[in-house]
Amino acid sequence: KAGVTQTPRYLIKTRGQQVTLSCSPISGHRSVSWYQQTPGQGLQFLFEYFSETQRNKGNFPGRFSGRQFSNSRSEMNVSTLELGDSALYLCASSIAALSYNEQFFGPGTRLTVL
Amino acid sequence: DQQVKQNSPSLSVQEGRISILNCDYTNSMFDYFLWYKKYPAEGPTFLISISSIKDKNEDGRFTVFLNKSAKHLSLHIVPSQPGDSAVYFCAASESGGGADGLTFGKGTHLIIQP
């Protein structure tokens, strides 16, 4: 069974640009959560999608948005990039919503904002 | 305001001995706690969890203890093995996910010395 895949793995952008990251969950998983990992703040929850609906959203500005498609694949978008958005963005999938103990993480997308 | 705190950024333990990783939380609404393990260049992997109705949960070499009155939990690894060298994250959630989904500590880097 294939794991959670994230594309691209590495990305370099400049301030003011926007970026879209993609996450393909494990087959059969309908929940996808996104997290941001930075050295200063650690791992922070961004949002969770289940059956194409956003279930929860963390404390991030509106520049961070996401969506989920009918095949459970998810994208997150960051507009008007800032230097502080440089981070490892992780997505995780699970069969059901809020199933944190059954959540499988992808390897992450490393975003660098110059 | 950090709701989940791991005060030791790193911990070095000799192979075969016990590793004890600590985690404190401030939000009394948290009722489900998890530990994740993360190797470099990989996403976190779920290790063990505990519900607030319990004070101990054991899974092989891993045991998590919860002290609700002190708002403290700890992960014990016995005996420690070289493959246990990784970053360990403590995480907490409220019933129904709460507003912030899963809240993580900043991690403790465990180094197992041969």
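Residues numbered from 1 in each chain as written. Chains lettered and ligands numbered in written order. Predicted model: local features only at pLDDT ≥ 70, side-chain atom pairs only at ≥ 80, totals over all residues. Heavy atoms only, no water.

## Considering the sheet that holds strand β7 (residues 64–68) of chain A
By definition, the strands of a sheet pair up through backbone hydrogen bonds, in either a parallel or an antiparallel sense. All names here are of chain A. Here 4 strands make up an open sheet; going across it, the order is β1-β3-β8-β7 and the pairing antiparallel. Strands at the two margins of the open sheet, each flanked by one partner only, are β1 (5–7) and β7. For this sheet the average axis-to-axis angle between neighbouring strands, irrespective of direction, equals 20°. Here 3 bridges tie β1 to strand β3 (residues 19–24), and the two strands are oriented antiparallel to one another. Pairing of threonine 7 across the sheet is with serine 22, part of β3. (Pairing = 2+ DSSP bridges. Helix = DSSP H or I, 4+ residues; strand = E, 2+ residues; numbered from the N terminus. Axes fitted to C-alpha atoms, helices over the stretch in contact; angles between N-to-C directions.)

## What about the interface of chain B and chain A?
Listed per partner, the contact involves 22 residues of chain B and 21 residues of chain A. Counting the surface lost from both chain B and chain A, the interface buries some 1,500 Å², and carbon and sulfur atoms represent 58% of this. Interface area lost by chain B to chain A is led by Pro44(B), Phe104(B) and Lys106(B), which between them contribute 28%. Across the chain B-chain A interface, the total number found is 3 residue pairs in polar contact (both at pLDDT 80 or more). Breaking the side of chain B that touches chain A down by element, the ones donating at least two residues are β4 (30–38), β5 (45–51), β9 (86–94) and β10 (102–104) of chain B. (Contact = heavy atoms within 4.5 Å. Buried area = accessible area lost by both parts, 1.4 Å probe. Polar contact = N/O pair within 3.5 Å; in protein donor to acceptor, adjacent residues only side chain to side chain.)

## Considering the state of the cysteines
The tally for this structure, following the rule as stated, stands at 2 disulfides over all chains. Across a sulfur-sulfur distance of 1.8 Å, Cys23(A) and Cys91(A) are joined as a disulfide pair. Measuring the twist about the S-S bond at about 65°, one finds the Cys23(A)-Cys91(A) disulfide to be right-handed. Of this pair, Cys23(A) sits in strand β3 while Cys91(A) is found in strand β9 (residues 87–94), placing the two residues 68 residues apart along the sequence. Comparing Cys23(A) with Cys91(A) shows no difference in burial state: the two are buried. The residue that forms a disulfide with Cys23(B) is Cys90(B), at a sulfur-sulfur distance of 2.0 Å. (Disulfide = S-S within 2.5 Å. Buried < 20%, exposed > 50% of the residue type's maximum accessible area, 1.4 Å probe, protein only.)

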